[in-house]
Amino acid sequence: MACRISELVVDCADPELLAAFWSEVLGYRELGREDDGSIEIGPPGAGSGGPQPTLVLSPSSDPRAGKLRLHIDVSATDRDQDAELERLLALGARPVDVGQSGAESWHVLADPEGNEFCLLRARVRPL
């Protein structure tokens, strides 16, 4: 028996902002809200426990210290990397320098709160 990742929890200052951003990036929808202000988003029709992990955007006023130790990698499903990069930038992502050389096959970006994520070159099939 093994485990699988069912949800990723991201502490953030503005769960509404990040839920909207990541829902657009991933094609997710809101699945639920908690009394503490957390918002869970996930794939339409699958929900929590489905084949893809959900994201829980949890409110926090704790300051972030340095580069994230864990980040999300995304891959386009229906377009090439350049087209997907343009889409992500239009949604509010921004390029970030975390010490990459420039020869990488991926782009390092940040969401509207500055959380780093990478756009990989490989296109993947949608689920």
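As the structure is a prediction and not an experimental result, all values here were calculated from the model.

Cut-offs used in this document
- Residues numbered from 1 in each chain as written.
- Predicted model: local features only at pLDDT ≥ 70, side-chain atom pairs only at ≥ 80, totals over all residues.
- Heavy atoms only, no water.
- Helix = DSSP H or I, 4+ residues; strand = E, 2+ residues; numbered from the N terminus.
- Expected span 1.5 Å × (residues − 1).
- Buried < 20%, exposed > 50% of the residue type's maximum accessible area, 1.4 Å probe, protein only.
- Salt bridge = Lys/Arg side-chain N within 4 Å of Asp/Glu carboxyl O.
- Pairing = 2+ DSSP bridges.
- Axes fitted to C-alpha atoms, helices over the stretch in contact; angles between N-to-C directions.
- Contact = heavy atoms within 4.5 Å.
- pLDDT = per-residue confidence, 0-100.
- Core = buried A, V, L, I, M, F, W, Y, C linked by side-chain atoms within 4.5 Å.

Engineer: Break down helix α1 (residues 15-26) for me, citing the residues and quoting the values.
Structural biologist: Residue pairs three or four apart in sequence face the same way in an α-helix, which turns once every 3.6 residues. Here α1 is twelve residues long and its end C-alpha atoms lie 16 Å apart, about the 16 Å a rise of 1.5 Å per residue gives. What α1 keeps buried is the set P15, L18, A19, F21, W22, S23 and V25. G27, located one to two residues past α1, shows a positive phi value of around 70 degrees.

Engineer: A description of the pattern of salt bridges should follow, citing residues and the corresponding values.
Structural biologist: A side chain of one charge can pair with a side chain of the opposite charge when the charged atoms of the two come close. Summed over the entire model, instances satisfying the criterion amount to six salt bridges. Across the pair R33 and E30 runs a salt bridge, and its minimum N-O distance is 2.7 Å. For the salt bridge of E116 with R64, the shortest nitrogen-to-oxygen distance reads 2.8 Å. Taken together, the positions of E116 in strand β8 (residues 116-119) and R64 in the loop between β4 (54-59) and β5 (72-74) put the pair 52 residues apart, joining distant regions of the chain. Relative accessible area serves as the criterion here: at 12%, E116 is assigned to the buried category.

Engineer: With reference to specific residues and values, describe the sheet that holds β4.
Structural biologist: Taken together, the four strands give an open sheet; going across it, the order is β1-β4-β3-β2, and neighbouring strands pair in mixed fashion. Each edge of the sheet is formed by a strand with only one pairing partner; in this case those strands are β1 (7-12) and β2 (29-33). Across the sheet, the axes of successive neighbouring strands diverge by a mean angle of 25 degrees, strand direction being ignored. Here three bridges tie strand β3 (residues 39-42) to β4, and the two strands are oriented antiparallel to one another. Note that in β4 the partner of I41 across the bridge is L55. α1 rests against β1, β2, β3 and β4 of the sheet, and its axis sits at about 165 degrees to β4.

Engineer: Go over the sheet that holds β5, please, and point to the residues and values.
Structural biologist: Reading across the sheet, the four strands line up as β5-β8-β7-β6 and stay open at both edges, with mixed pairing between neighbours. Of all the strands in the sheet, the pair left with one neighbour each is β5 and β6 (94-95). As paired strands, strand β7 (residues 107-110) and β8 are joined by four bridges and run antiparallel to one another. Among the inter-strand pairings, A110 is bridged to a residue of β8, identified as E116.

Engineer: Outline the confidence of the model for the protein, listing residues and values.
Structural biologist: On average, residues of the protein score 92 in pLDDT, and 98% of them reach the 70 mark or higher. By mean pLDDT, the top-scoring element of the protein is β6 (98), and the lowest-scoring one is β1 (93).

Engineer: Would you mind going over the nonpolar core in detail, with residue names and values included?
Structural biologist: Ranked by internal contacts, the top residues of the largest apolar core, which has 18 residues, are W22, I41, L57, L88, L109 and F117. Taken together, the elements giving at least two residues each to this core come down to α1, β3, β4, α2 (81-91) and β8. Per element, the largest residue contribution to this core is five residues, and it comes from α1. Discounting residues that sit within four places of it in the chain, L109 has contacts with L85, L88, L89, A93, R94, P95, V96, N115, E116, F117 and L119.

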